[in-house]
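A structural walkthrough
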Amino acid sequence: MKAYRLLTADDTSEFCHKVTEALSKGWELYGNPAYAYDAANGTMRCAQAVTKDAKGDYSRDVKLGAL
């Protein structure tokens, strides 16, 4: 199966660590990152989609972060 995740976080080094960790676990970048102002919290937010080929069939019970 092809797994998909959208990683999001405030614009801090923590976001970069989150993406780097996913890459180190075999996830691949999918598309361009997004960057937007979150007016409700007064902060900039980042998003990056990642995909990964994984064994097995898809189920809603799959913990994507554990792949």
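**Notes on the environment of Glu 28**
Tracing the chain through its elements places Glu 28 in strand 2 (residues 28–38). A C-alpha to C-alpha distance of 9.2 Å links Glu 28 and Asp 53, two positions 25 residues apart in sequence. Residues within four places of Glu 28 in sequence aside, it is in contact with Leu 23, Ala 49, Val 50 and Thr 51.

**Comments concerning the side chain of Asp 38**
Counting through the fold element by element, Asp 38 comes out in strand 2. Sequence-distant contacts of Asp 38, defined by excluding residues within four places in its chain, comprise Thr 43 and Arg 45.

**Things to note about a nonpolar patch on the surface**
On the surface, Tyr 4, Leu 6 and Tyr 30 cluster together into a nonpolar patch covering about 350 Å² of accessible area. Looking at the secondary structure, you find Leu 6 in strand 1 (residues 2–10).

**Overview of the pairing of strand 3 (residues 43–53)**
Examined bridge by bridge, strand 1 and strand 3 share nine bridges and lie antiparallel to one another. Among the inter-strand pairings, Leu 7 is bridged to a residue of strand 3, identified as Gln 48. Hairpin connection of strand 2 to strand 3: four residues between the antiparallel strands, including Gly 42 at a positive phi of 65 degrees.

The rules behind the values
Residues numbered from 1 in each chain as written. Predicted model: local features only at pLDDT ≥ 70, side-chain atom pairs only at ≥ 80, totals over all residues. Heavy atoms only, no water. Helix = DSSP H or I, 4+ residues; strand = E, 2+ residues; numbered from the N terminus. Contact = heavy atoms within 4.5 Å. Patch = residues over 30% accessible without salt bridge, like charges linked within 9 Å, V, L, I, M, F, W, Y side chains within 5 Å. Areas by Shrake-Rupley, 256 points an atom, 1.4 Å probe, with all protein chains shown as cover. Salt bridge = Lys/Arg side-chain N within 4 Å of Asp/Glu carboxyl O. Pairing = 2+ DSSP bridges.

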